[in-house]
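Chain by chain, the residues:
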Number of protein chains: 2
Amino acid sequence: MTTNAGASRRAILKGGLIGAAALAGGATASRAGASESLITEIQDWNRYPGDGVDARPYGKPSEFEAHVVRKNVPWLTSDAISSVNFTPLHELDGIITPSGLCFERHHAGIAEIEPANHRLMIHGLVERPLVFTMADLKRFPRENKVYFLECAANTGMEWRGAQLNGCQFTHGMIHCLMYTGVRLKHLLDEAGVKTEGKWLLAEGADASGMTRSIPLDKALDDCMVAFGMNGEALRPEQGYPIRLVVPGWEGNMWVKWLRRLEIGDQPWQHREETSKYTDLMANGKARRFTFEMDVKSVITNPSPQAPILHGRGPLVLSGLAWSGKGRISRVDVSMDGGRNWTTARLDGPSLPKALHRFYHEFDWDGSDLFLQSRAIDEHGFVQPTKDQLRSVRGANSIYHNNGIQTWHVNSDGVIENVEVS
Amino acid sequence: MTTNAGASRRAILKGGLIGAAALAGGATASRAGASESLITEIQDWNRYPGDGVDARPYGKPSEFEAHVVRKNVPWLTSDAISSVNFTPLHELDGIITPSGLCFERHHAGIAEIEPANHRLMIHGLVERPLVFTMADLKRFPRENKVYFLECAANTGMEWRGAQLNGCQFTHGMIHCLMYTGVRLKHLLDEAGVKTEGKWLLAEGADASGMTRSIPLDKALDDCMVAFGMNGEALRPEQGYPIRLVVPGWEGNMWVKWLRRLEIGDQPWQHREETSKYTDLMANGKARRFTFEMDVKSVITNPSPQAPILHGRGPLVLSGLAWSGKGRISRVDVSMDGGRNWTTARLDGPSLPKALHRFYHEFDWDGSDLFLQSRAIDEHGFVQPTKDQLRSVRGANSIYHNNGIQTWHVNSDGVIENVEVS
């Protein structure tokens, strides 16, 4: 059968040569390319069978996608085990981040935990201190939710002006996954939180033993203890076998390799909520407990790492928008650095505290562009300009930069990170 | 900082020993296990830092998840290059299938296509035959949609009775992904379908040159030419760089490595719609063009490959439901082989022509169970019993078996594929 099909396809492709040749003139004004001789060439993949169904028990991307990877910035930290890498947003589409490409932030590298030897302890101001195995956790009612996770420091290096040339580095400390897990409320109910319990301390089981204080109201609202992401077990670099999910709040609180939850009557004032993850204001005082991630967006294509290669004519502009408060209701895009705005098209499922994908299709005439996007959430919060942000917060901040990003496109389609006033 | 944190954590864990020991009696009635000495042991992952952020440009699952893989059945076909493997449904949760675990069905193995040398041709009854490069396709408006893909032969080996011991093998020719691509209508509009055009032939670029005829109405409705899945490029075994997406219809029509679309005035009567993918009825005549996948469900946990290991008490039953006609409105579960039914809890986003996840939590008393699930879609279609299906379709069929599946659970929690009348 293969032989016959091959022969008939070659005949068809000869027909294709004529068809394609005939259209060469007519297609110049369309998005389809002119006639291509390649359609008539028999490629290796037409000629020889490939790997069978026994070859790849767990699949991986095509070798032609080898450039689509997380990247770290070696000069940023003194050691890669307490550092960050970045999601290649300019290579992705839709709202789900592929599990292998989610940015990583570790304080002592990736803990490689054997789930049979992992436990979650709940203690402190509870009626019944409890220790859960992984099997125990899987006997509680589960839920599946899509949430973005953004590091509070995302875009932080841009606070004093345009610096990094690509949305992977300016905005790539974010990902969005479908989590499977147990609502934290179920576990806390099992332990019985005492009335004086107002805060929860979450601790990781990696070698850094990272901790964060979380208000009990949030813990009882929508927090999850997740063991699954995108249908399968959490990946090691995302906290396997369990992580805390704190929807809409800064990523540092989503403690990975979750080992211990303690109930107390006040926050613990640990390192990650005092010396770090606070916002130093112009007057020398610091904002603390700025948990929620603000409304924000970025154009992922075109962008510095994804220049316009096809010249003038139809172009698909695309990007991501999100808000820690809920859904995105609208995204506007500007071609002229914020003077004029057009409403973009939102596409894909619109889920609270998840990424939203937007598109704007237009004909590029080859002129310089200053591309911006501006997100508005369902509660009416509007993404500010960087100048508006600085006028309120001063020049000392690192965290919680949700300012509007600008990409300059020149007539060759080359793109740079710039700032406009 | 790492040293200090380690020291303070060891102190905390000594406290944990006391707390955990104190609770041993009180927890026996709860889902949390009794006190475990492991919580007090310092594991290697607490002691030593792990891999840094430069170690894994593209991540992979934990080594402790190495058993979660696609599997083929060697006796099923004479060669693995024209064969099938199966999604490990019993190891997954939520509604998104991990990209590396989607079942594969090839007719000549996995084509390894270099996208720069791939073309899509549209010809036949069109005003302007066109040839598209990958870059051309990415200049059309895109969309992101979650759809299930089910092979028409899924559950086909069960037609004559219970045979394969595990939902991976009985129901694992299905996956559900978020696709990114171009609505086929946009491409056909660019080519200009002539009024006499009524059918479309889709052809793959692999060495089998597989073809299927698709009614033009469906092609103009919700079909897509997809280049992305779960946020990244299609995987090679799923048709990289492009595949046809034919929502709700049998997987064989979702032509992978899509190379050619021809418009005609009637179906082509090719192999995959005559000798295969037809349903031989009891009277010797065959149903043809049975494109749409019917309403169906299966319990994935517990199931033969995922027995009950924790004994009596709280148990989470879970499964998947789907319909080629739209959304699932309800799933019922039975413990006694279909005599009594309880409505299960649907969880996660409910999207048309996508998988739906259901749960049912109950206390298992250790008695024998005959577990069944029955899905009902938004149009009122109800999943039939296997006997109801055979009474209409006879005993000769392979494709389109959407009958209710039964798992027998014995008092040890061991589970078998059985059939009840």
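Here is what the cut-offs are and how they apply
Residues numbered from 1 in each chain as written. Chains lettered and ligands numbered in written order. Predicted model: local features only at pLDDT ≥ 70, side-chain atom pairs only at ≥ 80, totals over all residues. Heavy atoms only, no water. Helix = DSSP H or I, 4+ residues; strand = E, 2+ residues; numbered from the N terminus. Buried < 20%, exposed > 50% of the residue type's maximum accessible area, 1.4 Å probe, protein only. Contact = heavy atoms within 4.5 Å. Areas by Shrake-Rupley, 256 points an atom, 1.4 Å probe, with all protein chains shown as cover. Lys, Arg positive; Asp, Glu negative; His and termini not counted. Charge placed at Lys NZ, Arg CZ, Asp CG, Glu CD. UniProt positions renumbered as here; feature names shortened; annotations may be inferred. Buried area = accessible area lost by both parts, 1.4 Å probe. Salt bridge = Lys/Arg side-chain N within 4 Å of Asp/Glu carboxyl O. Polar contact = N/O pair within 3.5 Å; in protein donor to acceptor, adjacent residues only side chain to side chain. Nonpolar A, V, L, I, M, F, W, Y, C, P; charged D, E, K, R; others polar. Least-squares fit on C-alpha atoms with pLDDT ≥ 70 in both. Arc of directions from axis to C-beta. Pairing = 2+ DSSP bridges. Axes fitted to C-alpha atoms, helices over the stretch in contact; angles between N-to-C directions. Core = buried A, V, L, I, M, F, W, Y, C linked by side-chain atoms within 4.5 Å.

### Here we look at the overall build of chain A
So, point 1. Along the backbone of chain A there are seven helices and 23 strands.
So, point 2. With the C-alpha coordinates aligned to their principal axes, the bounding extent of chain A is approximately 80 × 60 × 40 Å.
So, point 3. Classification of the 421 residues of chain A by burial places 62% in the buried group.
So, point 4. Once local pairs closer than 6 in sequence are excluded, the contacts in chain A between residues at least 24 apart make up 72%.
So, point 5. Entry remark: accessible area of chain A is about 14,900 Å², with carbon and sulfur atoms responsible for 50%.
So, point 6. Placing the 46 positive and 49 negative side-chain charges of chain A at their respective mean positions leaves the two points 2 Å apart.

### Notes on the UniProt feature "domain: Moybdenum cofactor oxidoreductase dimerisation" (unreviewed entry) in chain A
So, point 1. Cross-referencing UniProt, the feature "domain: Moybdenum cofactor oxidoreductase dimerisation" (unreviewed entry) maps to residues 289-405 of chain A in the present numbering.
So, point 2. Between the first and last C-alpha atoms of residues 289-405 of chain A the distance is 25 Å; the span itself is 7% helix and 39% strand.

### A look at the environment of R160 of chain A
So, point 1. For R160 of chain A, the location among the structural elements is in the loop between β5 (142-150) and α4 (167-171).
So, point 2. Remark: the alpha-carbon pair of R160 of chain A and L101 of chain A, spanning 59 residues in sequence, is separated by 28 Å.

### Describing the interface of chain B and chain A
So, point 1. Taken together, the contacts link 120 residues of chain B with 119 residues of chain A.
So, point 2. Interface area, chain B with chain A, both sides summed: about 10,700 Å², of which 59% is carbon and sulfur.
So, point 3. Inspection of the chain B/chain A interface yields five salt bridges.
So, point 4. Residue D93 of chain A pairs with R142 of chain B through a salt bridge whose shortest N-O separation is 2.7 Å.
So, point 5. Our count for the chain B to chain A interface comes out at 42 residue pairs in polar contact (both at pLDDT 80 or more).
So, point 6. If you tally residues by element for the side of chain B that touches chain A, the top one is helix α1 (residues 2-23) of chain B, at nine residues.
So, point 7. For the side of chain B that touches chain A, a count of residues per class yields 52 nonpolar, 32 polar and 36 charged.

### Quick notes on the relation of the copies chain B and chain A
So, point 1. Note on the identical chains: chain B maps onto chain A by a rotation of 180 degrees and an axial translation of 0.0 Å, with an RMSD of 0.0 Å. What the superposition gives is, in effect, a two-fold axis relating one chain to the other.
So, point 2. Interface residue correspondence from chain B to chain A reaches 99%, placing this contact among same-surface, isologous pairings.

### Describing helix α5 (residues 184-191) of chain B
Residue and element names in this part refer to chain B.
So, point 1. Residues L184, L187, L188, E190 and A191 constitute the buried set of α5. One face of α5 carries all of its buried residues, which in axial projection span an arc of 155 degrees.
So, point 2. At the exit of α5 stands G192, carrying a positive phi of roughly 75 degrees.

### Let's talk about the sheet that holds strand β17 (residues 328-334) of chain B
Residues and elements named next belong to chain B.
So, point 1. With antiparallel pairing, five strands are arranged side by side in an open sheet as β18-β17-β21-β22-β23. Edge strands, defined here as strands with exactly one partner in the open sheet, are β18 (342-343) and β23 (415-418).
So, point 2. Taken together, the four bridges between strand β21 (residues 369-377) and strand β22 (residues 406-409) define a ladder with antiparallel strand orientation. Of the residues in β22, the one forming a bridge with L369 is V409.

### Side note on unusual backbone geometry
So, point 1. The amide bond that connects Y240 of chain A to the next residue, P241 of chain A, takes the cis arrangement and shows omega of 10 degrees.
So, point 2. For P241 of chain A, the position within the fold is in the loop between β10 (232-233) and β11 (243-245).
So, point 3. The omega torsion across N301 of chain B and P302 of chain B is -10 degrees, close enough to zero to call that bond cis.
So, point 4. On the secondary structure map, P302 of chain B appears in the loop between β15 (296-301) and β16 (313-322).
So, point 5. Positive phi values are uncommon outside glycine, yet F289 of chain B reaches one of about 50 degrees.
So, point 6. Residue position: F289 of chain B is located in the loop between β14 (286-287) and β15.
So, point 7. Residue F289 of chain B is classed as partly exposed on the basis of its relative accessible area of 22%.
So, point 8. Positive phi values are uncommon outside glycine, yet H400 of chain B reaches one of about 60 degrees.
So, point 9. Within the secondary structure, H400 of chain B is located in the loop between α7 (386-393) and β22.

### Re the pattern of salt bridges
All names here are of chain A.
So, point 1. A complete count under the given rule lists 55 salt bridges over all chains for this structure.
So, point 2. Salt-bridge contacts for E143 lead to R183; the nearest nitrogen and oxygen are separated by 2.8 Å. Of this pair, E143 sits in strand β5 while R183 sits in strand β6 (residues 174-183); the two residues are 40 residues apart in sequence, bridging distant segments of the chain.
So, point 3. With relative accessibility at 24%, the residue R183 sits in the partly exposed group.
So, point 4. The salt bridge partner of E262 is R260, with a shortest N-O separation of 2.7 Å.
So, point 5. A residue is classified by how much of its surface remains accessible, and R260, at 1% relative accessible area, is buried.

### Examining the side chain of S334 of chain B
So, point 1. The residue S334 of chain B is located in strand β17 in this model.
So, point 2. Engagement of the side chain of S334 of chain B in a polar contact is seen with the backbone oxygen of N340 of chain B, the distance being 2.8 Å.

### Some remarks on the UniProt feature "domain: Oxidoreductase molybdopterin-binding" (unreviewed entry) in chain A
So, point 1. As annotated by UniProt and renumbered to match this structure, "domain: Oxidoreductase molybdopterin-binding" (unreviewed entry) occupies residues 107-269 of chain A.
So, point 2. End C-alpha atoms of residues 107-269 of chain A are separated by 18 Å, and the span's content is 14% helix alongside 34% strand.

### Looking at the sheet that holds strand β19 (residues 345-347) of chain A
All names here are of chain A.
So, point 1. The strand order across the open sheet built from four strands is β15-β16-β20-β19, with neighbouring strands paired in antiparallel fashion. Since the sheet does not close on itself, it has two edges, and those belong to β15 (296-301) and β19, each with one partner. Taken over all neighbouring pairs, the strand axes of this sheet differ in orientation by 35 degrees on average, direction set aside.
So, point 2. Note: strand β16 (residues 313-322) against strand β20 (residues 356-364), nine bridges, orientation antiparallel. Bridge pairing links G319 to F358 in β20.

### Remarks on the nonpolar core
So, point 1. L317, L355 and F358 of chain A together with L317, L355 and F358 of chain B are the most contacted members of the largest nonpolar core, which totals 70 residues.
So, point 2. Here L355 of chain B is in contact with I95, F148, I174, C176, L320, A321 and W322 of chain B, once residues within four sequence places are set aside.

### A look at the pairing of β23 of chain B
Consecutive side chains of a regular strand alternate in pointing toward one face of the sheet and then the other.
All names here are of chain B.
So, point 1. Bridging between β22 and β23 involves four bridges; their strand directions are antiparallel. The residue bridging H408 from the neighbouring strand is E416, located in β23.
So, point 2. Linking β22 back to β23 in an antiparallel pair, the connection comprises five residues, with G413 at a positive phi of about 85 degrees.

### Topic: α7 of chain B
Residues and elements named next belong to chain B.
So, point 1. When we look at burial in α7, the residues that qualify are K386, L389 and R393. Down the axis of α7, the sector holding all buried residues measures 60 degrees, keeping them to one side. When the buried face of α7 is taken as reference, the exposed residues oriented beyond 90 degrees from it are S391 and V392.
So, point 2. In this structure, the buried side of α7 is in contact with β13 (279-280) and β14.

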